[in-house]
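Residues per chain, in single letters:
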Amino acid sequence: MLSRISLIPGLSRCQGLRGQCMSGITRCYASNPKENSWLRSLFVRKVDPRKDAHSTLLSKRETSGLYKIQFHNVKPECLDAYNKLTEEVLPKLHQDPDYPCDLVGNWNTWYGEQDQAVHLWRFSGGYPALMDCMNKLKNNKEYLAFREERSRMLLSRRNQLLLEFSFWNEPTPRKGPNIYELRTYRLKPGTMIEWGNNWARAIKHRQENQEAVGGFFSQIGELYVVHHLWGKHF
């Protein structure tokens, strides 16, 4: 595991860092067709479509870099009990060799959305490992009891399947205490490769001081979502 709840003071989830794009000029009122064409050439940039999926170009092999991130909004009065419960049960799945999953980290938010818990899992073996783990959990009585007790503590929950950027460091265990920041970006469709290329050049400047914990992008569900996880020892 990256760390335990008791060792991590919190994680700040920045919700305001959502990329916005201008739609540009959609109509031209010039009467001259040539002027019309000339003006459009200033604002319209043609891009040759790629046949490669961005998941193939930007990610590590899916068999080694499939992640699931969980966001649980906890009832304020239940947060301490929730943390205690998850700390008792979730590490057992991480340590059990029959479950092909690793608990990368557990966090509570300090800034941003309050009373929220975030869990990050890694599945060694890609989608087959994910399905294997889910099928085994259906017959795990302790886990089923845990889910039932947990459900009474939650207001809502959601999760997301992610792939890891090939140029980013893989999350590794860290000595605490640390504070973490999770930045979430929603990209304009079709710009993921450009985003990845720019960060592949820039990330080296923030990997030298070990701030860059992990970089991921969504694969199923809401697409073109990027998560950057940064860590700071204090």
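Cut-offs applied
Residues numbered from 1 in each chain as written. Predicted model: local features only at pLDDT ≥ 70, side-chain atom pairs only at ≥ 80, totals over all residues. Heavy atoms only, no water. Helix = DSSP H or I, 4+ residues; strand = E, 2+ residues; numbered from the N terminus. Buried < 20%, exposed > 50% of the residue type's maximum accessible area, 1.4 Å probe, protein only. Polar contact = N/O pair within 3.5 Å; in protein donor to acceptor, adjacent residues only side chain to side chain. Contact = heavy atoms within 4.5 Å. Salt bridge = Lys/Arg side-chain N within 4 Å of Asp/Glu carboxyl O. Pairing = 2+ DSSP bridges.

## Description of the side chain of histidine 72
Then, number 1: With respect to the secondary-structure elements, histidine 72 resides in strand S2 (residues 66–74).
Then, number 2: When its relative accessible area of 2% is taken as the criterion, histidine 72 is described as buried.
Then, number 3: At 2.6 Å, the side chain of histidine 72 forms a polar contact with the side chain of tyrosine 82.
Then, number 4: Discounting residues that sit within four places of it in the chain, histidine 72 has contacts with Tyr82, Asp115, Gln116, Ala117, His119, Arg150, Leu154, Ser156 and Arg157.

## Quick notes on the pattern of salt bridges
When the charged atoms of two side chains with opposite charge come close together, those side chains can pair.
Then, number 1: Counted according to the given criterion, the structure contains 7 salt bridges.
Then, number 2: Here glutamate 142 makes a salt bridge to lysine 92, at a shortest N to O gap of 2.8 Å. Of the two residues, glutamate 142 is situated in helix H5 (residues 141–151) and lysine 92 in helix H3 (residues 79–95); the sequence distance between them amounts to 50 residues.
Then, number 3: We classify glutamate 142 as partly exposed; its relative accessible area is 41%.
Then, number 4: Residue lysine 136 pairs with aspartate 132 through a salt bridge whose shortest N-O separation is 3.5 Å. Here lysine 136 pairs with aspartate 132, and both are found in helix H4 (residues 126–137), just 4 residues apart, close to one helical turn.
Then, number 5: Given a relative accessible area of 31%, aspartate 132 falls into the partly exposed group.
Then, number 6: In this structure, a network of salt bridges that share partners links the residues Asp102, Arg122 and Glu170.

## Observations regarding the pairing of strand S8 (residues 225–233)
Then, number 1: Taking burial as the measure, the 9 residues of S8 include 7 buried ones, the bulk of the element.
Then, number 2: The pairing of strand S6 (residues 178–186) with S8 spans 9 bridges and is antiparallel. Pairing of tyrosine 185 across the sheet is with valine 226, part of S8.
Then, number 3: Of the strand pairs in this sheet, strand S7 (residues 212–220) and S8 are connected by 5 bridges, and their pairing is antiparallel.

## Some remarks on unusual backbone geometry
Then, number 1: Phi at aspartate 115 is positive, roughly 55°, even though this residue is not glycine.
Then, number 2: Mapping aspartate 115 onto the fold places it in the loop between strand S3 (101–108) and strand S4 (116–123).
Then, number 3: Here aspartate 115 falls in the partly exposed class, since its relative accessible area comes to 26%.
Then, number 4: Even without being glycine, tyrosine 224 reaches a positive phi, approximately 60°.
Then, number 5: Among the structural elements, tyrosine 224 can be located in the loop between S7 and S8.
Then, number 6: What makes tyrosine 224 partly exposed here is its relative accessible area of 22%.

Geometry only, nothing functional implied.
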